[in-house]
Amino acid sequence: IEVTASSRHYVDRLFDPDPQKVLQGVIDMKNAVIGNNKQKANLIVLGAVPRLLYLLQQETSSTELKTECAVVLGSLAMGTENNVKSLLDCHIIPALLQGLLSPDLKFIEACLRCLRTIFTSPVTPEELLYTDATVIPHLMALLSRSRYTQEYICQIFSHCCKGPDHQTILFNHGAVQNIAHLLTSVSYKVRMQALKCFSVLAFENPQVSMTLVNVLVDGELLPQIFVKMLQRDKPIEMQLTSAKCLTYMCRAGAIRTDDSCIVLKTLPCLVRMCSKERLLEERVEGAETLAYLIEPDVELQRIASITDHLIAMLADYFKYPSSVSAITDIKRLDHDLKHAHELRQAAFKLYASLGANDEDIRKKIIETENMMDRIVTGLSESSVKVRLAAVRCLHSLSRSVQQLRTSFQDHAVWKPLMKVLQNAPDEILVVASSMLCNLLLEFSPSKEPILESGAVELLCGLTQSENPALRVNGIWALMNMAFQAEQKIKADILRSLSTEQLFRLLSDSDLNVLMKTLGLLRNLLSTRPHIDKIMSTHGKQIMQAVTLILEGEHNIEVKEQTLCILANIADGTTAKELIMTNDDILQKIKYYMGHSHVKLQLAAMFCISNLVWNEEEGSQERQDKLRDMGIVDILHKLSQSPDSNLCDKAKMALQQYLA
């Protein structure tokens, strides 16, 4: 930086032995830096900050001097992010927090204004507000001093409250009680900052949200005050923030989804924010908040989908990045073009929520002018966030059998999807692989081309991921792929996965992985020729795995799946022998026939029925062996069972002995 002599002169005056001259020097510096970023940078380079901080903390400094120092520091912080970094490096935060202990209100306000500027900068770590445990209670106490302390402190809180730990600290120090009455302040800025505080406190926090529902301010409940603040005559920023407060309270379970303040007030307000009259930021925030509000509730999805032609309104997010009112402003147009991807991301998110459950809504979304093309294009955008939103949107639409058979086929969605799966970050992989599971269902016409494009290797790779969600999706997709598949596909899966990996998955600590792996085995071992073929090559290992699971500490569902796999093996022609020659397994089947749980008894019965079936070669020897084991006695007992299903199955098996 080229440092001018005048800048040096400003700094030199801070070291004058005459306090009056120092004060005048600080005041002149204040006037020189306002709105002048170059001058700010010069003064920082010349070391003005440590000197200003020294004067600010010096006991002999007059209150007026301290206050002027805080004002200049605040002005320096208003410059670039690098300025803020320089201030942080000089430990400005502890110095300003110390200043808050002064009895002088003007000085306190100047310190708070500077703290507000520093804490709202993205380069400042929020943790710095919580390092000293005495700070938060002191800030709460300062809230009553003036409208400026109220505005700045609320702004600091709403910027530094990130996540449940911060919410809890603020909540435990009485944030709700201390901030609630500020919602009726005469100052708009105070009302606005208080509102923002409540939105960050309530987000995904049931404890705070449940408390807010019952808070009274001037005899009126908080939700009612929020509803008043989202009326059309209020400033947009206020409407949006109160809608967020009500949305977060609803999602945290404090307000019912069918409450009129949600259905008749919050939802319509958020839909209004999506109109092309609104500025880009408002449209983005409106759509994302609405997506979050309706995500878990099909009734709200239906209402939103027919409010103000929302589905068509969102199509404008792709066409008109700038609002109608901003067309004349060249700087605004430039800004909006740079941020147009945020609009696309928001639209994808809202479409995903709208289409999460209802078939008709999905159809409406897909029939909106070339929407499928837009979503598919979104899959290859450079922004990870847009790609993630596009994949989520497609995933939501892929829950529809009808759409899988039509639009998804017409647009060959599987092609870009396979590309997305090549080297994406985990959060995209989880959604994309989950969608691949849907595209691999047996009625999906995409199944064939996906197989030809190397999906088996890709999915087998996912089953080795550290991330359990990816292991589940990988194995789940393979399970869908193996369902009613031809022998060649099954052989490909087994070869690609390898028996070692299959066993690793069968001993996976994640229950979902284990269940889906059993599902895969069950699908591989279906239809006789396939069962015999697979058991002739992998029989020994599969029987070992079955034994291990039946002996392990597993829940009913796992054991039931495993017995169903055995029943499939018992249905093979040559595969049967692997059970008949394995006394250990036969004893286990016998044990489960007498189990206290009907599901397990039924599954064991299937094994027996398949083994004693008459028309098949060797059935006589098998029947004799099982009779000697006492199976027939158990069948007689089960034919008296109060469970009609079990009783029928037992009678049917006994018939085989009589035939």
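Residues numbered from 1 in each chain as written. Predicted model: local features only at pLDDT ≥ 70, side-chain atom pairs only at ≥ 80, totals over all residues. Heavy atoms only, no water.

A. Layout of the overall build of the protein. In terms of helices and strands, the protein carries 43 helices and two strands. Taking 26 Å as the expected radius of gyration for a compact globule of 659 residues, we find that the protein reaches 34 Å, considerably beyond that expectation. Principal-axis analysis of the C-alpha atoms places the extent of the protein at approximately 115 × 60 × 50 Å. Within the protein, buried positions represent 56% of all 659 residues. Counting contacts in the protein only where the partners sit at least 6 residues apart, residues at least 24 apart contribute 67% of the total. (Helix = DSSP H or I, 4+ residues; strand = E, 2+ residues; numbered from the N terminus. Rg over C-alpha atoms; globule rule 2.2 N^0.38 Å. Buried < 20%, exposed > 50% of the residue type's maximum accessible area, 1.4 Å probe, protein only. Contact = heavy atoms within 4.5 Å.)

B. Spatial organisation of the nonpolar core. Of all hydrophobic cores here, the largest spans 241 residues; its most connected members are F198, L354 and L566. Contact partners of F198, with chain neighbours within four places excluded, come to V176, I179, A180, L183, L212, L222, F226 and C245. (Core = buried A, V, L, I, M, F, W, Y, C linked by side-chain atoms within 4.5 Å.)

C. Inspection of unusual backbone geometry at higher detail. Even without glycine at this site, H309 takes up a positive phi of about 55 degrees. Inspection of the secondary structure assignment puts H309 in the loop between α19 (298–305) and α20 (310–319). Its relative accessible area of 66% is what places H309 among the exposed residues.

D. Quick peek at helix α29 (residues 426–439). Taking 1.5 Å per residue as the helical rise, α29 with its 14 residues ought to reach 20 Å, and the 20 Å between its terminal C-alpha atoms agrees with that figure. In terms of residue burial, α29 counts as a mostly covered element, since eleven of its 14 residues are buried. Turning to α29, its buried residues are I428, L429, V431, A432, S433, S434, M435, L436, C437, N438 and L439. (Expected span 1.5 Å × (residues − 1).)

E. Spotlight on the UniProt feature "repeat: ARM" (unreviewed entry) in the protein. In the numbering used here, UniProt assigns the feature "repeat: ARM" (unreviewed entry) to residues 47–83. Measuring from the first to the last C-alpha atom of residues 47–83 gives 12 Å, for a span that is 76% helix and 0% strand. (UniProt positions renumbered as here; feature names shortened; annotations may be inferred.)

F. Layout of the pattern of salt bridges. Within the structure shown, the criterion is met by 35 salt bridges. Between R256 and D258 there is a salt bridge; the shortest N-O distance is 2.7 Å. Exposure remark for D258: the relative accessible area of 48% places this residue in the partly exposed category. E616 is the partner of K576 in a salt bridge, and the nearest nitrogen-oxygen pair spans 2.8 Å. Of this pair, K576 sits in helix α38 (residues 576–580) while E616 sits in the loop between α40 (598–612) and α41 (619–628), and the two are 40 residues apart along the sequence. (Salt bridge = Lys/Arg side-chain N within 4 Å of Asp/Glu carboxyl O.)

G. Broad picture of the environment of V45. Within the secondary structure layout, V45 lies in helix α3 (residues 37–45). Owing to a relative accessible area of 53%, V45 belongs among the exposed residues under this scheme. Spatially, the C-alpha atoms of V45 and L417 are 51 Å apart, while their sequence positions differ by 372 residues.

H. Examining the packing of helix α36 (residues 528–551) against helix α37 (residues 556–570) more closely. It is the contact of α36 with α37, at a shortest axis distance of 11 Å, that shows an interaxial angle of 150 degrees. Looking at the two axes, α36 sits roughly antiparallel to α37. Both α36 and α37 take part in a crossing whose hand is left-handed. Taking contact as the criterion, the partners of I531, M535, I542, M543, V546, I549 and L550 in α36 are, on α37, V558, K559, T562, L563, I565, L566, N568 and I569. Residues that form the contact of α36 with α37 fall into these classes: twelve nonpolar, two polar and one charged. (Axes fitted to C-alpha atoms, helices over the stretch in contact; angles between N-to-C directions. Parallel < 35°, antiparallel > 145°, perpendicular 65-115°, else oblique. Left-handed = near helix turned anticlockwise from the far one by under 90°. Nonpolar A, V, L, I, M, F, W, Y, C, P; charged D, E, K, R; others polar.)

I. The arrangement of the environment of S158 in detail. Its location among the elements puts S158 in helix α10 (residues 147–160). The class for S158 is buried, based on a relative accessible area of 10%. Between the C-alpha atoms of S158 and A194, which are 36 residues apart in sequence, the distance is 8.4 Å. For S158, the contacting residues outside a window of four places in its chain are Q193, K196, C197 and V200. At 3.2 Å, the side chain of S158 forms a polar contact with the backbone oxygen of Q155. (Polar contact = N/O pair within 3.5 Å; in protein donor to acceptor, adjacent residues only side chain to side chain.)

J. Just the side chain of Q193, in detail. Mapped onto the secondary structure, Q193 falls in helix α13 (residues 188–202). Judged by relative accessible area, Q193 falls into the buried class, the value being 11%. Excluding its chain neighbours within four sequence positions, the residues that come into contact with Q193 are E151, C154, Q155 and S158.

K. Structural detail: the environment of E109. Following the sequence through the fold, E109 ends up in helix α8 (residues 105–119). The sequence separation of E109 and L600 amounts to 491 residues, and the corresponding C-alpha distance is 72 Å. Here E109 is in contact with S146, Y148, T149 and Y152, once residues within four sequence places are set aside.

L. Spotlight on the packing of aromatic side chains. Under the criterion given, the structure shown has seven aromatic pairs. Ring centres of Y591 and Y592 lie 4.9 Å apart, and the angle between their planes is 75 degrees; this geometry places the pair in the edge-to-face category. Its relative accessible area of 52% is what places Y591 among the exposed residues. When its relative accessible area of 4% is taken as the criterion, Y592 is described as buried. Grouping aromatic residues by their ring pairs yields a cluster made of F203, Y248 and Y292. We note R283 situated over the ring of Y317; from NZ or CZ to the ring centre the distance is 4.9 Å. Sitting over the face of the ring of W476, K516 holds its NZ or CZ atom 4.3 Å from the ring centroid. (Phe/Tyr/Trp six-rings, centres within 6.5 Å; stacked < 30°, edge-to-face > 60°. Lys NZ or Arg CZ within 6 Å of the ring centre and 35° of its normal.)

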